[in-house]
Protein chains: 2
Amino acid sequence: MQLLQERILKDGHLKQGHILKVDSFLNHQMDIGLFNQMGQAFYELFCDQNVTKILTIEASGIGIACIAAQYFKVPVLFAKKTQSANIDGEVYTTKVNSFTHNRTYDIIVSKRFLSSKDRVLLIDDFLAKGSALLGLCDLVQASGAYLVGAGIAIEKAFQEGGALVRQRGVRVESLAKIRAMDAEQGILFQD
Amino acid sequence: MQLLQERILKDGHLKQGHILKVDSFLNHQMDIGLFNQMGQAFYELFCDQNVTKILTIEASGIGIACIAAQYFKVPVLFAKKTQSANIDGEVYTTKVNSFTHNRTYDIIVSKRFLSSKDRVLLIDDFLAKGSALLGLCDLVQASGAYLVGAGIAIEKAFQEGGALVRQRGVRVESLAKIRAMDAEQGILFQD
């Protein structure tokens, strides 16, 4: 997606340790006009899949998922990162590693909101090592719902996450795929 | 807001300890059609205030804030609940108590995204004891931005948060104000 690539080049900042800061428009401050363009792009990719629900993970996936859901006209469900006193009853749960924060946490969704009748599209802002997205795949699988695929804003294609998720037979569509990035060559996209 | 009150009566569940579960449409699974109605209601309340930015707090405020932002045509900024390795540089920070989770945490926003030129509308899903909303007020005050007010989905008017925030001179508009709720009388709204 040309618009997102241009925005990454314009406003993204590289930091040490393969970190791409896009907090001015994607995951701290959020450009809702851009999110609408991204939501429309996801809809064009998955509109023939009879999606019944969008599943994302807190926190930075929620904005993109909510805007995208307007095109699909379906509810959004977000996986929570710790057991909340406000979620009782049974939950689907799995473990996710955060490499950014260097810790492991449980993610949960209430069983009431995912079932074998659902056709689920995953949405998230980043795909790097793939732990969060694999966790979401686990939750969908446990529910018996059909996993339509995953719509990702930025994929770091030089890390293993995309391959790991695709090896599970999941269709992954990333709007901007970065094949390499460093201080010398800057940010290079895959076609 | 009639639509939200009706939805609370239809799909909300009371639990012990003044907990109202609205996780089927507001803060776990999210009804984006309803969010659009709420966003429009916030716009009608604050459209003459030249809002330049919407500020919310992760996680469940983000969806409502992003949908509402489409009416105001402004970016959304969300306060993060812990120091993230992805946010460097200087931040505005304050402490917030979560009574739901029974802990205190730091919330932060990057100084790059709030300044004295901003006119900020706060958006959140719940107002009960007011700690999160007071924290957001602190961040806006620290930045020198003008605080236009706060748009809240559900206010538990029988708890002290609304009074505490309004005592600071902040305009608080809640789409559904609950004046009492318990197993005997159910959920009662303020007019």
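Before any of the text, the structure's been laid out above.
Here the structure is a predicted model, which means the values were calculated and not measured.

Student: Summarise the layout of surface pockets; cite the residues concerned and give the values.
Tutor: Residues and elements named next belong to chain B. Of the voids in this model, the second largest pocket is the one considered here, and its volume is about 160 Å³. Lining the second largest pocket are Cys-137, Val-140, Gln-141, Ala-145, Leu-147, Val-148, Arg-168, Gly-169, Val-170 and Arg-171. Contributing elements (two or more residues each) for the lining of the second largest pocket: α4 (131-143) and β9 (146-156). Here the element with the most residues in the lining of the second largest pocket is α4; it accounts for 3 residues. Looking at the lining of the second largest pocket, its residues break down into 6 nonpolar, 2 polar and 2 charged.

Student: Account for the sheet that holds strand β10 (residues 172-182) of chain A, naming residues and giving values.
Tutor: If you trace the 7 strands from one edge of the open sheet to the other, you get β11(A)-β10(A)-β9(A)-β8(A)-β4(A)-β5(A)-β3(B), paired in mixed fashion. Among the strands making up the open sheet, the edge pair consists of β11 (186-189) of chain A together with β3 (29-30) of chain B. Where strand β9 (residues 146-156) of chain A meets β10(A), 6 bridges bridge the pair, whose relative direction is parallel. Bridging across to β10(A), Ile154(A) finds its partner in Ala176(A). Most of the contacts of helix α4 (residues 131-143) of chain A go to strand β8 (residues 119-127) of chain A, to which it runs at about 165°, and overall it touches β4 (53-57), β5 (76-79), β8 and β9 of chain A.

Student: Give me the lowdown on the pattern of salt bridges, citing residues and values where you can.
Tutor: Counted according to the given criterion, the structure contains 20 salt bridges over all chains. The salt bridge partner of Asp11(A) is Arg7(A), with a shortest N-O separation of 2.7 Å. With Asp11(A) and Arg7(A) both in helix α1 (residues 2-11) and 4 residues apart, this pair spans about one turn of that helix. For Asp106(B), the salt bridge is made with Lys95(B), and the minimal N-O distance between the two is 2.6 Å. A residue pair is termed long-range when its members are at least 10 positions apart, and Asp106(B) in strand β7 (residues 103-110) and Lys95(B) in strand β6 (residues 91-98) qualify at 11 residues. Several salt bridges share partner residues, and in doing so they unite Arg7(A), Lys10(A), Asp11(A) and Asp31(A) into one network.

Scoring rules and cut-offs
- Numbering of residues starts from 1 in every chain and runs along the sequence as written.
- Written order decides the labels, with chains lettered from A and ligands numbered from 1.
- Where totals are concerned, whole chains, interfaces and linings use all residues; where local detail is concerned, this predicted model gives features only for residues with pLDDT of at least 70, and gives and counts side-chain atom pairs only at 80 or more.
- As a convention, hydrogens and water are excluded, and side-chain values are obtained from all of the structure's heavy atoms.
- Detection works on a 1 Å grid of protein atoms alone, calling trapped sets that fit a 1.4 Å probe cavities and calling open sets with protein on both sides within 12 Å along at least five of seven lines pockets, with lining residues defined by an atom within 4 Å of a point.
- Grid points are joined across faces, edges and corners, and a volume is the space filled by probe spheres set on the points.
- A run of DSSP states H or I qualifies as a helix once it reaches four residues; a run of E qualifies as a strand once it reaches two. Both are numbered from the N-terminal end.
- For this classification, the nonpolar set comprises Ala, Val, Leu, Ile, Met, Phe, Trp, Tyr, Cys and Pro, the charged set comprises Asp, Glu, Lys and Arg, and every other residue, Gly included, is treated as polar.
- One requirement defines pairing of two strands: DSSP has to find at least two bridges between them.
- Note on contacts: a residue pair qualifies if any of its non-hydrogen atoms lie within 4.5 Å across the two residues.
- Geometry is summarised by axes, namely lines fitted to C-alpha atoms with helices restricted to the contacting stretch, and by angles between N-to-C directions that run from 0 to 180 degrees.
- A carboxyl oxygen of Asp or Glu within 4 Å of a side-chain nitrogen of Lys or Arg is what we treat as a salt bridge.

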